[in-house]
Amino acid sequence: MTPRESLQYAGILSLLLHFGWTWIGTVIMDNDNGERFLQMVVPLFSESGICFAFIEKIPELTVGSDIKDLFVKGAKVRDNIEDSTANVLVANGESYSMALFRYLPYLSEREHVTDTPIGKVVIATAQVELTSFVYQRDWNMDFFHGALTFTIQSNDIPGFREFLNAQNPFSPKGDGFIRSFWQNAFSCVFPDQSLGSLDQNICTGDEKLERLPVTYFEMRLTGHSYNVYNAAHAVAHALHTMSSSGPKDRGMVTRGRLTFQSQVQWQLHHFLKAVSFNNSAGDKVSFNQNGELVTGFDVINWIVSSNQSFQRVKVGRMEAQAAPGQAFTISPDAITWNSWFNQTQPLSTCSESCNPGSMKKIKEGEPFCCYDCIPCPKGKISGKNDMHYCYSCEDGKYPSKHQDFCIPKSVNFFSYEEPLGVIITSFVIIFCLITALVLGIVWKHHETPIVKANNRHLTYSLLVSLLLCFLCALLFIGQPQQVTCLLRQTAFGLIFSVAVSCVLTKTVMVVLAFRATKPGCTMRKWMGKRLVNILLLSCCLLQAAICLAWLATSPPFPDIDMHSVAEEIVLECNEGSITMFYCVLGYLGFLAMVSFMVAFLARKLPDSFNEAKFITFSVLVFCSVWLSFVPSYLSTKGKYLVTVEIFSILASSSGLLGCIFFPKCYIILLRPELNTKEHLVRKTA
């Protein structure tokens, strides 16, 4: 005649989860029912993230119990409850357990502690009724103010209050217990002729039950009483159905013969399971296929006023037959909380909630509800409270500053419009104009000795290649396209190979020219355009072969870099094969090192025959720039990766231009008296 217990425990769990109470204590009776309660709720609650701060057991009050020992144990229970940081107390017991729970506020092992209220939200199961011993009817109930209790769904029975008011202990139809109850409830005695006159208060029978404290006697049907009322009617309906049924239904087979019995007790269950009726309150009473009463639970809020008056307010329900997720309903605004919490909804957690941007870290040796909040690792977020882990943003997004949500990345590339792009473009134009000016000066004075010395055609080739080197830097600016990605590195590699090959050829020709002036030297026949062309073409063709192999196997292509820069999607040129890229750089370095070594060995040769000293400085600048390029390139990310290469191109090209051609232009324009054959010849003398 009671709903299944699992429905009630599911309701308590829903209540705890609704208010976010994950840190609770529980008080049970120290008996088999209490152990069964723990076996059912501890795993159920733990699976849903609720931890038990404490589990206290109250000894049963039995015949022969040591009252002093019970009080000592009760004092320890009371102090443990008060000391706990859990603000929610789940109480389970029997119908009489409330009378024992009412002792808790008055017990303690500490001095003057009983004057301090126990500030907890009590959640009582339906088994616990508001009962009191006679001497407890005027006890303080503040501990239970704001309590939430689950009671079997009930309703007011018409005429029940009038029935109670009509009770008279002198009525001959009264039950055998009413006189005893009357004396205890009203602290009076009934006159007895055998005892003579009595000094005590005499029971008149005019005392009113409605004047008794509600905590001692209620004028309305409680959940337990309502069940008893329905049980009596259910049995009556079953007996009526059984008695009115034919002999066929009451028969039983015994040793092959049909025997009839007027009363068969076990047959009552068959009829009880089929009972279905509406009681006088209008509620339907029926059973499911398991023989369980089809009804739910009400959530009742206990309100105790300052004058210790008591009332129950229905604030929620737990339906037995409802769609998943809709069985439990609660009205938080209708709840009156214990004054300990200043009429605000209490919190009951072992640890404070972890804000977005952090995650839980379980404290070692403590329940899983107790944790520290640690920031998410760099690059990850947590978008909700109390996350157990942080996660990475999806592609195209990056974490916010506080790592609590993802922000869409902006698409970016190194463009002409940004300030650095404008500056670099300006430098490219300036260097191109300077190179063109130098080329014009050399071309205008091509018949002068200083220009004619050391092959003026190599000089023209070097200047043109340097001009193209400066223009090559522009390929690295702007949104990457298929054509620009293919041309960037290959054009850079080929053009620089021509420039460095020209420097190497010039250096070799200086050395050969000096050797050829010695008497009896056979090198003179190698001097001329043929040797220059062979050296220049052989150096450039090898670099061209490397670039062709690169384009044929794994060419550069436009790509999207989602990860190098957290806030940006970088449009870039993927080099395809990074090995081939470093092969191109390595070959340039090889040519530069050979040029440097040859020029260094020839640096003390007469100035009239060579420019080895200036070539040495120029190649030294070139090598320094590109040696610093590698670590800078590897450590730079995003759209500014290309600026490292652009700066290296401009710096190395301007180094070659300045170191080799500034001295020549200085002599041509400012010291023309030095630009004579006699002067050069005089220097060799």
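Worth saying up front: this structure is predicted, and the values here are computed from it rather than measured. Every chain is numbered independently, its residues counted from 1 as its sequence is written. For a predicted model such as this one, the threshold for reporting local features is a pLDDT of at least 70, and the threshold for listing and counting side-chain atom pairs is 80 or more; totals across whole chains, interfaces and linings nevertheless cover every residue. For the side-chain quantities, the full set of heavy atoms in the structure was used; hydrogens and water were omitted.

K.L.:
So what's going on with the overall build of the protein chain? Which residues, and what values?
P.N.:
Scanning the protein chain from terminus to terminus reveals 18 helices and 21 strands. Burial analysis of the protein chain (685 residues in total) assigns 44% to the buried set. The criterion used for residue contact is that any of the two residues' heavy atoms lie within 4.5 Å. Across the protein chain, contacts joining residues at least 24 apart in sequence account for 71% of those joining residues at least 6 apart. The method behind every accessible area is Shrake-Rupley, applied with a 1.4 Å probe, and residues are considered shielded solely by the protein chains displayed. Here the protein chain has roughly 36,000 Å² of accessible surface; of this, 59% comes from carbon and sulfur atoms. Think of it this way: any DSSP run of H or I at least four residues long counts as a helix, any run of E at least two long counts as a strand, and we number them from the N terminus. Only protein chains enter the accessibility calculation, which uses a 1.4 Å probe. A residue is then buried if its area is under 20% of the maximum for its type, exposed if over 50%, and partly exposed in between.

K.L.:
Hey, could you go over helix α10 (residues 419-444) for me, with residue numbers and the actual values?
P.N.:
An α-helical segment advances 3.6 residues per turn. Residues three or four places apart therefore align on the same side. Given the number of residues in a helix, its expected span is that number minus one, multiplied by 1.5 Å. With 26 residues, α10 extends 37 Å between its outermost C-alpha atoms, agreeing within 8% with the 38 Å of an ideal straight helix rising 1.5 Å per residue. Turning to α10, its buried residues number three or more, namely Gly421, Ile424, Thr425, Val428, Phe431, Cys432, Thr435, Val438, Ile441 and Val442. Contacts from the buried residues of α10 go to α11 (449-452), α12 (456-472) and α17 (641-670).

K.L.:
Account for the pairing of strand β3 (residues 88-91), naming residues and giving values.
P.N.:
Because side chains alternate across β3, one face comprises the buried residues Val88 and Val90, and the other comprises Leu89 and Ala91, equally buried. Strand pairing follows a simple DSSP-based rule, namely that at least 2 bridges must link the two strands. The pairing of strand β1 (residues 23-29) with β3 spans 4 bridges and is parallel. Its bridge partner lying in β3, Gly25 is registered against Leu89.

K.L.:
Tell me what's going on with the sheet that holds strand β11 (residues 310-318), and back it up with residues and numbers.
P.N.:
Taking strand neighbours across the sheet as the criterion, the 8 strands line up as β2-β1-β3-β4-β5-β10-β11-β12 in an open arrangement whose pairing is mixed. The two strands at the open ends of the sheet, each matched to only one other strand, are β2 (51-58) and β12 (328-330). On average, adjacent strands in this sheet sit at an angle of 30 degrees to one another, irrespective of strand direction. Looking at chain direction, β3 and strand β4 (residues 121-124) are connected through 4 bridges and run parallel. Bridging from a neighbouring strand, Val90 pairs with Ile123 of β4. Axes here mean lines fitted to C-alpha atoms, for a helix over just the part in contact, with angles spanning 0 to 180 degrees between N-to-C directions.

K.L.:
So what's going on with the state of the cysteines? Residues and values would help.
P.N.:
The definition used for a disulfide is geometric: two cysteine sulfur atoms within 2.5 Å. The full count for this structure, using the stated rule, is 7 disulfides. Note on cysteine connectivity: Cys350 is disulfide-linked to Cys370, with sulfurs 1.9 Å apart. Taking the torsion about the S-S bond as the criterion, the Cys350 to Cys370 disulfide, at about 100 degrees, is right-handed. Taken together, the positions of Cys350 in the loop between β12 and β13 (358-362) and Cys370 in the loop between β13 and β14 (371-375) put the pair 20 residues apart, joining distant regions of the chain.

K.L.:
Quick one: what's the story with the packing of α12 against α17, residue by residue and with numbers?
P.N.:
Between α12 and α17, the shortest axis-to-axis distance is 10 Å and the interhelical angle comes to 150 degrees. With respect to α17, the axis of α12 lies roughly antiparallel. Crossing hand, α12 versus α17: left-handed. Listed contacts from α17 to Thr459, Leu462, Leu463, Leu466, Cys469 and Phe470 of α12 are Ile649, Leu650, Ser653, Ser654, Leu656, Leu657, Ile660, Phe661 and Lys664. When the residues that make up the contact of α12 with α17 are grouped by side-chain class, the tally is 11 nonpolar, 3 polar and 1 charged. Geometric relationships in this document are graded by angle, where less than 35 degrees denotes roughly parallel, more than 145 denotes roughly antiparallel, 65 to 115 denotes roughly perpendicular, and other angles denote oblique. The handedness criterion is simple: a crossing whose near helix is rotated anticlockwise from the far helix by less than a right angle is left-handed, and one whose near helix is rotated clockwise is right-handed. Three residue categories are used. Nonpolar comprises Ala, Val, Leu, Ile, Met, Phe, Trp, Tyr, Cys and Pro, charged comprises Asp, Glu, Lys and Arg, and polar comprises the others, including Gly.

K.L.:
An account of a nonpolar patch on the surface is requested, with residue identities and associated values reported.
P.N.:
Distance thresholds for patches are 9 Å for like charges and 5 Å for nonpolar side chains (Val, Leu, Ile, Met, Phe, Trp, Tyr), applied to residues having over 30% relative accessible area and no salt bridge. Note on definitions: salt bridges are taken to be side-chain nitrogens of Lys or Arg within 4 Å of carboxyl oxygens of Asp or Glu. Together, Phe662, Tyr666, Leu669 and Leu670 make up a nonpolar patch on the protein surface, roughly 460 Å² of accessible area in all. Here Leu669 lies in helix α17.

Geometric descriptors of this kind do not, in isolation, establish any biological role.
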